[in-house]
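Next come the chains, spelled out residue by residue.
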Amino acid sequence: MAADEPASVEELAEYAADGRSWVAVDEAGSPVGYLVVDVVDANAHVEQVSVLPEHQGLGIGRMLMDRARTYALDTGRRAVTLTTFTNISWNRPLYEHLGFRVLDDHEVGPELRALRAHEAELGLDQAGPRVCMRLDVLDASGDSGKSRAS
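Counting from 1, residues in each chain are numbered in the order their sequence is written. Local features in this predicted model are restricted to residues whose pLDDT is 70 or higher, and side-chain atom pairs enter the listing and the counts only when it is 80 or higher, whereas totals over whole chains, interfaces and linings include all residues. Only hydrogens and water are set aside; all other atoms, that is, all heavy atoms of the structure, feed into the side-chain values.

### Some details on the nonpolar core
Formed by 25 residues in total, the largest nonpolar core has its most connected members in L35, V46, L64, M65, V80, Y95 and F100. Numbering of helices and strands runs from the N terminus; a helix is a DSSP stretch of H or I covering at least four residues, while a strand is a stretch of E covering at least two. Mapped onto this core, the elements with two or more residues apiece are β1 (21-25), β2 (31-40), β3 (43-51), α2 (60-74), β4 (79-85) and β6 (130-136). Aside from chain neighbours lying at most four places away, what touches L35 is R20, S21, W22, V46, Q48, V49, L64, R67 and A68. Throughout, nonpolar core names a set of buried Ala, Val, Leu, Ile, Met, Phe, Trp, Tyr and Cys residues whose side chains join them through atoms within 4.5 Å. When a residue's accessible area, from a 1.4 Å probe over protein chains only, is under 20% of the maximum for its type it is buried; when over 50% it is exposed; and in between it is partly exposed. Judged by nonpolar contacts, the second largest core, of 6 residues, contains V40, L103, V108 and L112. Here a residue-residue contact requires only that any non-hydrogen atoms of the pair lie within 4.5 Å.

### Thoughts on the side chain of H55
Topologically, H55 is positioned in the loop between β3 and α2. Residues within four places of H55 in sequence aside, it is in contact with D26, V32 and I60.

### Here we look at the packing of aromatic side chains
Pairing of aromatic rings covers Phe, Tyr and the six-membered ring of Trp, with a centre-to-centre limit of 6.5 Å; geometry is then stacked below 30 degrees between planes, edge-to-face above 60, and tilted otherwise. Counted by the stated rule, this structure contains 2 aromatic pairs. Between W22 and Y71 the ring centres are 5.8 Å apart and the planes differ by 65°, which places this aromatic pair in the edge-to-face class. Separated by 49 residues along the polypeptide, W22 in strand β1 and Y71 in helix α2 bring together distant segments of the chain. Note on W22: relative accessible area 15%, which makes it buried. Seen in terms of ring centroids, Y95 and F100 are 5.9 Å apart; in terms of plane orientation they differ by 65°. Their pairing is edge-to-face. Like Y95, the residue F100 is buried in the burial classification. Consider the ring centre and the ring normal. A charge sits over the ring if Lys NZ or Arg CZ is within 6 Å of that centre and within 35 degrees of that normal. When the ring centre of F85 is taken as reference, the NZ or CZ atom of R130 above it lies at 4.5 Å.

### Considering helix α4 (residues 110-122)
Its 13 residues give α4 an end-to-end C-alpha distance of 18 Å, which sits within 8% of 18 Å, the value for a rise of 1.5 Å per residue. Listing the buried residues of α4 in full gives L112, L115, R116 and E119. One side of α4 carries all its buried residues, which in axial view fall inside an arc of 100°. Pointing more than 90 degrees away from the buried face of α4 are the exposed residues P110 and E121. Expected helix span is given by 1.5 Å per residue-to-residue step, counting one fewer step than there are residues. By definition, the arc is the one covered by directions from the helix axis to the C-beta atoms.

Here it is as structure tokens:
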């Protein structure tokens, strides 16, 4: 779909060492999904979340995304951001169901804007339109309020 290569073992090891990666396993202990998070514009940013097709629809993706929210709260980040395709029927609606909203252009920070430009350079935009999304986890006072990801 794009010229972007999967993350190397070394890159994934860095995420793990920094406490910014999580793996979901099945009853046998086999990996069925994973999440890696970056920090972009001082927010937790979902770099990648994936669940094996045969394990989708079981709440694994929701659990992983909740882990991103927890990471944001634990590290004092105001929000979780991500970029996603709008033409894939389950992407944007799923994230909206989890409490994310599409950012207006003026809301996109400089690092997130640079990330989107990099994604376009890698050819991701050729697969369809993409948007930046955000889930606020802390309000201006630093209060997390109640869970927004239900």
